[in-house]
Amino acid sequence: VPACLLQTVMILLAIALSGSVGCRKSKTSVGSSAANAEAQGSQQQSKDPTESLKLAVEARDWNRALELGPEAMIASPDDPNVLSHVAIATANSGRRVEAAQLLVDAARASNYASGQRIENAFRALLDVGHLHDAIDLLEQVVERDPDAAEYRRRLVGFLGEAQLTEEVDAHLSHLIRARQFD
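### Remarks on the pattern of salt bridges
Item 1. Scanning the model with the defined rule gives seven salt bridges in all.
Item 2. For R64, the salt bridge is made with E67, and the minimal N-O distance between the two is 2.4 Å. In this pair, R64 and E67 are both assigned in helix α4 (residues 62–75), three residues apart and thus about one turn of the helix distant.
Item 3. Under the relative-accessibility criterion, R64 is labelled buried at 10%.

So, in structure tokens, the structure goes:
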């Protein structure tokens, strides 16, 4: 299990155990049995922590999703869907830097096979101002798939933006040899 994933699990577990993230409380009176049944239904989700997490995210119950996140990540530490669901809940709780790292972990867990996961992680890193981490992500993608011309072109552009011009030549040469330049 990668060290950054363990650190993320520990942070989420500490939050859940500290009580700062609680279950959603019903705003209905005790006499409303229909409302009580609905509230209990949202709390009595699947016994599978990954399925419960998914249901909480789909219901936009961010507190519940954050509460379920550590258990789901322990049960399925390499599941990119679990990492993405925890990232969504984390972002909606205002912790965008942690969410960006979780999205990177999700892309890595999928072995960079999902263009959408790569794109989500890349944009999240840029949104929180982590340009060098976004460059690292693109480098990992093109290392895994040297023929990923779209990501390599993007990498060349961002290396230039970051003034890391000494690294540009190798990527440009690869694009030219593959006739994948603009």
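From this point, things continue past the structure.
### Structural notes on helix α9 (residues 149–161)
Item 1. For α9, spanning 13 residues, the distance from its first C-alpha to its last is 18 Å, which sits close to the expected 18 Å at 1.5 Å a residue.
Item 2. For α9, the set of buried residues is A149, Y151, R152, L155, V156 and L159. The buried residues of α9 occupy one face: seen down the axis, they fall within an arc of 155°.
Item 3. One or two positions beyond α9, positive phi appears at Q163, with a value near 60°.

### Remarks on the packing of helix α7 (residues 115–127) against α9
Item 1. Remark: α7 packs on α9, axes separated minimally by 13 Å, with the N-to-C direction vectors making an angle of 10°. On the basis of the axis angle, α7 is roughly parallel to α9. Every residue of α9 that contacts α7 at G115, I118, E119, F122 and L126 is listed here: Y151, R154 and F158.
Item 2. Classifying every residue of the contact of α7 with α9 by side-chain character gives five nonpolar, one polar and two charged.

### Points about the side chain of S110
Item 1. Within the fold, S110 resides in the loop between α6 (96–109) and α7.
Item 2. In this view, S110 contacts P80 and R117; residues no more than four positions away in its chain are not counted.

### Regarding the confidence of the model for the chain
Item 1. Chain-level pLDDT for the chain is 79 on average; 70% of the residues reach the 70-or-more range.
Item 2. Overall, residues 12–45 carries pLDDT values under 50, and its contacts beyond four positions in sequence, including any with other chains, amount to 35 contacts.

### Describing the environment of A107
Item 1. Along the chain, A107 falls in helix α6.
Item 2. For A107 and L137, which are 30 residues apart along the polypeptide, the C-alpha to C-alpha distance reads 9.0 Å.
Item 3. For A107, the contacting residues outside a window of four places in its chain are Y112, R117, I118 and A121.

### Section: unusual backbone geometry
Item 1. Positive phi, normally seen in glycine, also occurs at N111, with a value near 60°.
Item 2. Structurally, N111 is set in the loop between α6 and α7.
Item 3. Phi is positive for Q163, which is not a glycine, with a value near 60°.
Item 4. Relative to the helices and strands, Q163 is located in the loop between α9 and α10 (168–177).
Item 5. On the accessibility criterion, Q163 (66% relative accessible area) is exposed.

Cut-offs applied
Residues numbered from 1 in each chain as written. Predicted model: local features only at pLDDT ≥ 70, side-chain atom pairs only at ≥ 80, totals over all residues. Heavy atoms only, no water. Salt bridge = Lys/Arg side-chain N within 4 Å of Asp/Glu carboxyl O. Helix = DSSP H or I, 4+ residues; strand = E, 2+ residues; numbered from the N terminus. Buried < 20%, exposed > 50% of the residue type's maximum accessible area, 1.4 Å probe, protein only. Expected span 1.5 Å × (residues − 1). Arc of directions from axis to C-beta. Axes fitted to C-alpha atoms, helices over the stretch in contact; angles between N-to-C directions. Parallel < 35°, antiparallel > 145°, perpendicular 65-115°, else oblique. Contact = heavy atoms within 4.5 Å. Nonpolar A, V, L, I, M, F, W, Y, C, P; charged D, E, K, R; others polar. pLDDT = per-residue confidence, 0-100.

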